[in-house]
Amino acid sequence: MTTPALMTIGAFAQATGLSAKALRLYDDLGLLRPAQVDPDSGYRRYDPAQVADARLIGLLRRADLPLNDIRLLLDTPAPERPAALRAHLTRLDRLHRERRDLTLYLISRLQGETPMTLPPVQTRPQPQQNVATLTRHVFVADLPAAIQGGMQTLLAHVAAQGSVTGAPFVIYHGEVNADSDGPIEICVPYGGPVTPGGAVALRVEPARHEAFLALTREQFEFPQILAAYDATCAHATAHGTCTLRPREVYGYDWDGAAPGEPVGDVAWPYEPAAVTT
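Residues numbered from 1 in each chain as written. Predicted model: local features only at pLDDT ≥ 70, side-chain atom pairs only at ≥ 80, totals over all residues. Heavy atoms only, no water.

**Digging into the overall build of the protein chain**
Note the cut-off: Helical segments are the DSSP runs of H or I of at least four residues, strand segments are the runs of E of at least two, and each set is numbered from the N terminus. For this measure, only C-alpha atoms enter the radius of gyration; the expected value for a globule follows 2.2 Å times N^0.38, where N is the number of residues. Only protein chains enter the accessibility calculation, which uses a 1.4 Å probe. A residue is then buried if its area is under 20% of the maximum for its type, exposed if over 50%, and partly exposed in between. Note on contacts: a residue pair is in contact if any heavy atoms of the two residues lie within 4.5 Å. Surface accessibility follows the Shrake-Rupley procedure with a 1.4 Å probe radius. Residue values consider only the protein chains on display as shielding. Neither His nor the chain ends contribute to the count of charged residues, in which Lys and Arg are positive and Asp and Glu negative. A charge is said to be at NZ when it belongs to Lys, at CZ for Arg, at CG for Asp and at CD for Glu.
Per the secondary structure count, the protein chain includes eight helices and 13 strands. A compact globule built from 277 residues would reach a C-alpha radius of gyration of about 19 Å, whereas the protein chain, at 26 Å, exceeds it by more than 25%. Based on the C-alpha atoms only, the size of the protein chain along its principal axes is roughly 95 × 50 × 35 Å. Across the 277 residues that make up the protein chain, the buried fraction comes to 35%. Restricting to contacts in the protein chain with at least 6 residues of sequence separation, those with at least 24 account for 71%. Surface summary for the protein chain: the accessible area is close to 16100 Å², and the carbon and sulfur share equals 55%. Here the protein chain holds 24 positive side-chain charges and 30 negative ones, and the gap between their average locations is 6 Å.

**What to know about the pattern of salt bridges**
Condition: Throughout this description, the term salt bridge denotes a Lys or Arg side-chain nitrogen within 4 Å of a carboxyl oxygen of Asp or Glu.
Per the counting criterion, the structure on display carries 10 salt bridges. A salt bridge links R208 to E210, with the shortest nitrogen-to-oxygen separation between them at 3.2 Å. Given the relative accessible area of 6%, R208 is considered buried.

**Structural notes on the sheet that holds strand β1 (residues 7-8)**
Convention followed: By definition, two strands form a pair when at least two bridges between them are found by DSSP.
Taken in spatial order, the three strands line up as β1-β3-β2 in an open sheet, and their pairing is antiparallel. Of all strands in the sheet, those bounded by a partner on one side alone are β1 and β2 (36-37). In terms of strand pairing, β2 meets strand β3 (residues 44-46) through two bridges, oriented antiparallel. Bridging across to β3, V37 finds its partner in R44.

**Topic: helix α3 (residues 51-62)**
Operational definition: The span expected for a helix works out to 1.5 Å for each residue beyond the first.
Taking 1.5 Å per residue as the helical rise, α3 with its 12 residues ought to reach 16 Å, and the 17 Å between its terminal C-alpha atoms agrees with that figure. All of the buried residues in α3 are V51, A54, I57, G58 and L60. Check the buried side of α3 and you find it contacts β1, α1 (9-16), α2 (20-28), α4 (67-74) and α5 (81-110). Phi turns positive, to about 70°, at D64, one or two residues after α3.

Set out below in structure tokens:
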């Protein structure tokens, strides 16, 4: 039986519809290695049997599957690949809803409308707190997992040495979206002889006033939560000077909350304006 001749990168590109640049990238990333690379010239040669995988990679990219996910999919047994793609479809549907809702939110805001009915903004004083913290640079797609994992790490660290003395919270020191990675600072108030360790740092969170809103699970979803940030920022600015970054406070039973019950707060710290007489 005659073995099919290897294909040049140009012939392979033509057969698969992929550019030579894309094939070189997929080689560098380990997605699609050439069957042979000339040690002297560096010329790549491909087996005709690789055409199917190359075309699959091209279609997966058109479906907006990230390159790392494509690598995992190609390593997945063929019978399990449909389930992996269904999970990707679920993510796409969620992203589509978020982008649609965000666009509608922006339209409403630009028209001077309130995108979501919110309760009145409340205020509260917060005392100085010792906090154990983890700082993370994270993009929006990985934000929930980063918060959950970081919170678990901090709670375990504090519980092993001292005690948790207040509701955990997450400070947003910068924008978190598809292009900006924050950073965020995950914080757990503590008491007792807690020491830092690994990535866990200790610091003092100063006393402050907060404008805050307690939100239901539906209101906490993105982009609905942006309306709460707008409202608390406006209240804080109207009543003083914003000196610290906004945060989300997790002082409720997130998993056990019934529909309509609060699952967390959006809070915007401020220094109250001096009263003049």
